[in-house]
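Results of the structural survey
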Protein chains: 2
Amino acid sequence: MLTPQEAAIMQQIQTSGADFTALLLRAKDVGRLIDAEIERDMTEVEQAGLREAVTFLFEGRGKRLRPFLVLTCAQAAGGDPKDAIPPALAVEYLHNLSLIHDDMMDNSGERHGRATLHTRYGLNTALLVGDLLYSKAVEQASRVPRHAIRMVEVLATTAKKMCIGQFEDMSFERRDDLLIEDYLHMASCKTSALYSASCVCGMLAADADEPSIEALAAFGEKIGTAFQIWDDVLDLQADPLQLGKPLGLDIREGKKTLVVIHFLKTADAASRKRFLELLGKRDLNGDLPEAVALLESTASIEFARNTALRLLAEAKEHLAILPPSASRDLLHQYADFLLQRSY
Amino acid sequence: MLTPQEAAIMQQIQTSGADFTALLLRAKDVGRLIDAEIERDMTEVEQAGLREAVTFLFEGRGKRLRPFLVLTCAQAAGGDPKDAIPPALAVEYLHNLSLIHDDMMDNSGERHGRATLHTRYGLNTALLVGDLLYSKAVEQASRVPRHAIRMVEVLATTAKKMCIGQFEDMSFERRDDLLIEDYLHMASCKTSALYSASCVCGMLAADADEPSIEALAAFGEKIGTAFQIWDDVLDLQADPLQLGKPLGLDIREGKKTLVVIHFLKTADAASRKRFLELLGKRDLNGDLPEAVALLESTASIEFARNTALRLLAEAKEHLAILPPSASRDLLHQYADFLLQRSY
């Protein structure tokens, strides 16, 4: 059940479609800018085969969600967005490194309908591109005037957290005794750390004061976790046509999402036993409705959705530290946008 | 043929065995110190599986050749070796990252008689340990008082060069038109860059002046390349029992060493044709003497050995910029030691 506050947030998110125009236009501009900067930055890679792989990787043209956050935070804090381009590239490189490694670990052949890097160019080249991206990320961060060292430290700490989060996520598959806190720690490391770092880097580029940096770090952290939880929920309740993949993939893969962890903690012994039979079943198909019904019997999907909504509301409160501006409004919209997806 | 100068260097190296006592004792001390620092630094890794893999990796207790260079350069430049510990850890982490990735690329099951990390703990954990090591390297470099940013830049540039060098080395296997310069560029990136960075980091930690930093950068660069070339020569001429692996492995693997590149440039058409039939032949065995004879017919092994010796002599000249000290003597010995190995 949604609390009245949560219901109001939900209402606002679902009816605010028209408000995203400014966000989407701006995101397109940022995407173009960042793509051009990446292309320029990669001209130093002269070895034909390596260059081709790097070009292929960035031709995929991701949404550049994290650079958007870096630039918009910098502007919202009164800075010059040009100063924020190096850290925006740094976080984007780190993000792409993590995608390459995730795809290698999952042995995924495709991402968003394109071949993954290691599938297309082999393990060796994928490894080298990853190392190269990490180096370029560090190099970009170290170029930021005034706050280079802190930026580099944020980057290194974030990369470390991402390793820890990915490792925890993998090890969760073998554990049935997980706590909500275990999940939140994993998500904080695996997903939220880079959102938070993006905000911190933007604020540093704008020479923001310490309380503002901390507030925006918390904003990034909370939208990151909300986003991760929302993904878990969509896996169970989205329109599969819009989602672009079958429902229940996380259950088939035996993933310990927040929904599953809440269920395992609250279900009776028989339900728990039955659900564990279904969890990790690759050919789940006809049994999916039963799995979803079990998760609904303990209101676990609702619990996860409400957790995401609460985090989103808390995240937006942190924005109050910034002076009113079009950029601050964009950050509000950005938060809503992450959770307005119904697919 | 050795020039008289080269013959003198060779003589000095081969008869200087007793002089290495100070070096070996010191190397043992540095190794113990660095191992203890690594162990302490890794206590922050709390995830059991990840911790186990990291512990396994460093239990191998490499020779810590690069930290030795960092600490000794710092001391030779009048600095406090304590200040040089963070960058010494940084270069050692970067070195280990490169070993992990090299082993994954070559799919090597063993290194120095121990299982490689990916063989023992799987690809996923090996990838995460690599990412973690890179982050720890950046973190350590960013901790150096006064010169943190430059240290971080040196590290990132070096890591980039190592990727480029490894990529070039891999692509050499498909090329028969290589120049001596191509080899030297590859070796400079793949091997020498980290030796050079080790010297630069040590000098920075000691607040050395710019000409001294440049001289020691050149020292590191040249001993690194000499070391790499010497390795190529040993593969053809060492005592296989002492080498711990069969001779001619590089030829079996089709590697374009300096010896091979020199041969391909200078041999007549018939010799070249015959050698290319043997190069990359996994079951070379009985044909190895023929391959070696072909390489000797153009004095290509001699050419490589002389190149290494010349680089070594040039390297040591750069040390003259430092004031006389026990540490400077150790750097002299270090250079000789890299090439005194007959296995």
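From a predicted model like this one, the values you see are computed outputs, not experimental measurements. (Residues numbered from 1 in each chain as written. Chains lettered and ligands numbered in written order. Predicted model: local features only at pLDDT ≥ 70, side-chain atom pairs only at ≥ 80, totals over all residues.)

**Observations concerning the interface of chain A and chain B**
The partner chain B presents 31 residues to the 30 residues of chain A that form the contact. Listing elements by their share of the side of chain A that touches chain B, those giving two or more residues are α3 (48–59), α5 (85–106), α6 (117–141) and α7 (148–172) of chain A. With 14 residues, the single largest contributor to the side of chain A that touches chain B is α7 of chain A. Each residue belonging to the side of chain A that touches chain B can be placed in one class, and the counts come to 17 nonpolar, 8 polar and 5 charged. (Contact = placed C-beta atoms within 7 Å. Helix = DSSP H or I, 4+ residues; strand = E, 2+ residues; numbered from the N terminus. Nonpolar A, V, L, I, M, F, W, Y, C, P; charged D, E, K, R; others polar.)

**Focus on the packing of helix α5 (residues 85–106) of chain B against helix α7 (residues 148–172) of chain B**
Residue and element names in this part refer to chain B. At a minimum axis distance of 11 Å, the contact between α5 and α7 shows a crossing angle of 20°. Between α5 and α7, the crossing angle belongs to the class labelled roughly parallel. Helix-helix and strand crossings are classified by hand; for α5 and α7 the assignment is right-handed. For the pair α5 and α7, contact is made by P87, A90, L94, S98 and D102 and by M151, L155, T158, A159, M162 and Q166, respectively. Of the residues that constitute the contact of α5 with α7, the class distribution is 7 nonpolar, 3 polar and 1 charged. (Axes fitted to C-alpha atoms, helices over the stretch in contact; angles between N-to-C directions. Parallel < 35°, antiparallel > 145°, perpendicular 65-115°, else oblique. Left-handed = near helix turned anticlockwise from the far one by under 90°.)

**Some remarks on helix α8 (residues 180–205) of chain B**
Residues and elements named next belong to chain B. Over its 26 residues, α8 extends 35 Å from the first C-alpha to the last, a length consistent with the 38 Å expected when each residue adds 1.5 Å. At S192, α8 shows its strongest bend, of approximately 55°. Most of α8 is tucked away, with 20 of its 26 residues classed as buried. After α8 finishes, the residue D207 shows a positive phi value of roughly 55°. (Expected span 1.5 Å × (residues − 1). Bend = angle between axes of the 7 residues up to and from the residue. Buried ≥ 20, exposed ≤ 12 C-beta atoms within 10 Å, placed from the backbone.)

**A look at the relation of the copies chain A and chain B**
Superposition record for chain A on chain B: RMSD 0.0 Å, screw rotation 180°, translation along axis 0.0 Å. On this basis, the relationship between the two copies can be described by a two-fold rotation axis. Looking at the rotation axis and the C-alpha trace of chain A, the residue lying nearest is I149 of chain A, at 3.0 Å. When the interface residues of chain A are mapped onto chain B, 100% of them are again interface residues, pointing to one common binding face. (Least-squares fit on C-alpha atoms with pLDDT ≥ 70 in both.)

**Digging into unusual backbone geometry**
Residues and elements named next belong to chain A. The backbone of D207 sits at a positive phi, close to 55°, despite the residue not being glycine. Residue position: D207 is located in the loop between α8 (180–205) and α9 (210–237). Of note in this structure, N285 is not a glycine but carries a positive phi near 30°.

**Notes on the environment of P289 of chain A**
When you line up the elements, P289 of chain A lands in helix α14 (residues 288–297). Sequence separation between P289 of chain A and L236 of chain A is 53 residues, and the spatial gap between their C-alpha atoms is 9.6 Å.

**Details of the environment of G280 of chain A**
Within the secondary structure, G280 of chain A is located in the loop between α13 (269–278) and α14. Sequence separation between G280 of chain A and E253 of chain A is 27 residues; the distance between their C-alpha atoms is 4.8 Å.

Don't take any of this as a statement about function, it's just geometry.
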